[in-house]
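# Tertiary structure, described
Here's the letter readout for the chains.
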Amino acid sequence: MTTSSATKVVIVGGGPAGTLLSHILDSHGIDNVVLELRSRDYVLGRIRAGVIEQGSADLLRKYGVANRMDHEGFSHEGVNLAWAGRLFRVDFVGLTGSLVTIYGQTQIQRDLYEARDAADATVVFEAENVTLHDLDTNRPSVTYEVRGERQTVQCEFVAGCDGTHGTSSSYIPAELVKTYENVYPFGWLGILSETPPINDELIYANHPRGFALCSMRDPLLSRYYIQCPLDTDLEAWPDDRFWEELGKRLPAQVAETLVTGPSIDKSVTPLASVVREPMQHGKLFLAGDAAHVVPPTGAKGLNLAISDIYHLSAALIEYYESGSMAALDCYTERALTRVWKAVRFSWWMTNLMHQFPGEGAFALKMQEAELGYLASSTAAQTALAENYVGLPF
Ligand code: APR
Ligand code: PHB
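Residues numbered from 1 in each chain as written. Chains lettered and ligands numbered in written order. Predicted model: local features only at pLDDT ≥ 70, side-chain atom pairs only at ≥ 80, totals over all residues. Heavy atoms only, no water.

## Considerations on the sheet that holds strand β11 (residues 141–146)
For the record, the criterion: Paired strands, as defined in this entry, are two strands with at least two bridges between them according to DSSP. Only DSSP runs of H or I with at least four residues qualify as helices, and only runs of E with at least two residues qualify as strands; both kinds are numbered from the N terminus onward. Only the stretch in contact is used when a helix axis is fitted, and all axes are lines through C-alpha atoms; the angle between N-to-C directions ranges over 0 to 180 degrees.
Pairing is mixed across the open sheet formed by 4 strands, whose spatial order is β1-β12-β11-β10. The sheet is open, and its two borders are formed by β1 (2–6) and β10 (128–133), each paired with just one other strand. Pairwise comparison of adjacent strand axes, ignoring direction, gives a mean angle of 20° for this sheet. Where β10 and β11 come together, 4 bridges link them in antiparallel fashion. If you follow Leu132 over to β11, its bridge partner there is Val142.

Listed below in structure tokens is the structure:
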């Protein structure tokens, strides 16, 4: 049996991009349905990054989903770079007047689901075989199955917010898509541990043994990463080995203060930049990881998903308020202008901080010179700071 319903916008994917879009559209009276492949517990169990740009935080505040973030998150007014046994700080507030908030993506996701619950919104979990139809007509529709029952939703637009492994992006005809890709020959081995963070602010370290990052979620929950080969076997990395290797990659006086403990999560993340153009076709609009991926250096992934939703929600609101397709027609251009700048920043920071297998002495000298320049130049630090806290939407 097939059950039919109708809405204005079907949102495929209930990650941060999809749920935020649903919340914003709803606050403007635009009816929508979110279809999420996984269960709510599964989505909330995923460990992701946790650096929120000033503009992202302000958008969450504007739509009333930042209360917990403002109480439990941490304002970071700067970031630290370590190399050659030294540490220097880039002062975000002093250089740009803005800061970042440390608050896990998982928490943002929980806040967004709770806001959706409060509004009695339709978020369908465990929606399988989501299939898009008639995207180049005025009557698109989406079919899916929940617990074996087939459903059809008629709609006016489809937002593809289903991440890197989603289905939506495959509906843009291949001959119209240009893919730009840069895959790195290494990954990050990351752990989460219930230990106090090594420092009040993040530390990004360039070291001959490989990159390291000291991050955190709260005063008793630390997140650490070390650069690793792509074929790294987690079994070969018991906690003791991880802590020892991390310590070796940090300046000695910093490493001395490292508090170690058992990890509660351990994983390897490959690093890549991928951008697919265009981000729209007919009545389909892609946002977030469904359209682009950045390496985690600089923590831009979640923030780009939020800035896409800023542009897509504004364009849909304009359409429903005035009937004009103008902003929707320009969506790809508006979203990608900002996306490319963040792709550039995360590429620059990745190149600056990692060891590249097979690269010679010249490349190392270039990193050394650039880090020396950064440490001594206010202009260079301002460029880092304004990108890190987030360029304007
Ligand atoms: N049908 C429905 N939902 C799907 C499908 C599908 N075929 N495929 C994937 N999904 C869901 C995933 O289960 C996930 O919950 O889409 C959601 C996409 O969410 P994210 O991967 O979190 O992507 P996005 O919302 O764009 O947020 C980007 O997440 O991956 C991080 O680094 C990234 O922080 C960035 C942020
Ligand atoms: C994290 O805390 O998980 C994190 C922080 C900064 C990054 C990437 C990840 O650049």
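Right, picking up where we left off after that structure.
## A look at the side chain of Asn206
Keep this limit in mind: Side-chain atoms alone can form a polar contact between residues adjacent in sequence; in general such a contact is a pair of N or O atoms within 3.5 Å, and within protein one must be able to donate a hydrogen while the other accepts it. Whether two residues touch is decided by their heavy atoms; if any such pair falls within 4.5 Å, the residues are in contact.
Within the fold, Asn206 resides in the loop between β15 (203–205) and β16 (212–218). At 2.9 Å, the side chain of Asn206 forms a polar contact with the side chain of Gln367. With residues up to four places along the chain from it excluded, the contact list for Asn206 reads Ala82, Trp83, Ala84, Leu352, Met353, Gln355, Gln367 and Leu371.

## Digging into the environment of Ala212
Here Ala212 lies in strand β16. Distance from Ala212 to Gly15, taken between C-alpha atoms, is 28 Å for residues 197 residues apart in sequence. Contact partners of Ala212, with chain neighbours within four places excluded, come to Ile203, Tyr204, Ala205, Tyr225, Ile226, Leu246, Arg249 and Leu250.

## Overview of the pairing of strand β3 (residues 32–35)
Put simply, the test is: When a residue's accessible area, from a 1.4 Å probe over protein chains only, is under 20% of the maximum for its type it is buried; when over 50% it is exposed; and in between it is partly exposed. Throughout, right-handed denotes a crossover for which the path from the first strand over the helix to the second runs clockwise when the strands point away from the viewer.
The alternating pattern of β3 places Asn32 and Val34 and Val33 and Leu35 on opposite faces, both of which are buried. The sheet contact formed by strand β2 (residues 9–12) and β3 spans 4 bridges and is parallel. In the strand pairing of β3, Val9 is matched with Asn32. Crossover handedness for the path β2 to helix α1 (residues 16–27) to β3: right-handed.

## Description of the site of ligand 1
Put simply, the rule is: To be near a molecule or strand, a residue needs just one of its heavy atoms within 4 Å of it. The method behind every accessible area is Shrake-Rupley, applied with a 1.4 Å probe, and residues are considered shielded solely by the protein chains displayed. Residues were grouped as follows: Ala, Val, Leu, Ile, Met, Phe, Trp, Tyr, Cys and Pro as nonpolar; Asp, Glu, Lys and Arg as charged; and all remaining residues, including Gly, as polar.
Taken together, 24 residues form the shell around ligand 1, and within it Glu36, Arg46, Arg48, Gln105 and Asp289 come nearest. At 3.1 Å, a backbone N or O of Leu302 approaches an oxygen atom of ligand 1. When ligand 1 sits alone it has 710 Å² of accessible area, and the protein chains cover 88% of it. Counting only elements with at least two residues in the shell around ligand 1, the list comes to α1 and α9 (301–322). Its residues assigned to classes, the shell around ligand 1 comprises 10 nonpolar, 8 polar and 6 charged.

## As for the pattern of salt bridges
Here is the rule we go by: Here a salt bridge means any side-chain nitrogen of Lys or Arg lying within 4 Å of a carboxyl oxygen belonging to Asp or Glu.
Within this structure, the stated rule accounts for 14 salt bridges. Taking the shortest distance from any N to any O, the salt bridge between Arg338 and Glu53 comes out at 2.9 Å. With Arg338 in helix α11 (residues 331–353) and Glu53 in the loop between β4 (51–52) and α3 (54–62), this pair connects stretches of sequence that are 285 residues apart. The two residues Arg338 and Glu53 agree in class, both being buried. Among the ionic pairs, Lys248 bridges to Glu244, the shortest N-O distance being 3.5 Å. In this pair, Lys248 and Glu244 are both assigned in helix α7 (residues 239–248), 4 residues apart and thus about one turn of the helix distant. Shared partners join several salt bridges into a network, and the residues in it are Glu53, Lys300 and Arg338.

## Notes on the packing of aromatic side chains
Operational definition: Only Phe, Tyr and Trp rings take part, Trp by its six-membered ring, and two of them pair if their centres are within 6.5 Å. Stacked means planes under 30 degrees apart, edge-to-face means over 60, and tilted covers everything else.
One pass over the full model with this rule turns up 21 aromatic pairs. Ring plane angle 80° and centroid distance 5.1 Å describe the contact between Phe186 and Phe356, whose orientation is recorded as edge-to-face. With a gap of 170 residues between them, Phe186 in strand β14 (residues 178–193) and Phe356 in the loop between α11 and α12 (361–376) connect regions that are remote in the sequence. Summarising the burial analysis for this pair, Phe186 and Phe356 share the class buried. For the ring pair Tyr224 and Trp243, a centre distance of 5.4 Å and an interplane angle of 75° mean the geometry is edge-to-face. A residue pair is termed long-range when its members are at least 10 positions apart, and Tyr224 in strand β17 (residues 221–228) and Trp243 in helix α7 qualify at 19 residues. Residue Tyr224 is classed as buried on the basis of its relative accessible area, which comes to 0%. The class of Trp243 is buried, set by a relative accessible area of 6%. Through a chain of ring-to-ring contacts, the aromatic side chains of Phe92, Trp188, Tyr204, Phe211, Tyr225, Phe345, Trp348 and Tyr388 assemble into a single cluster.

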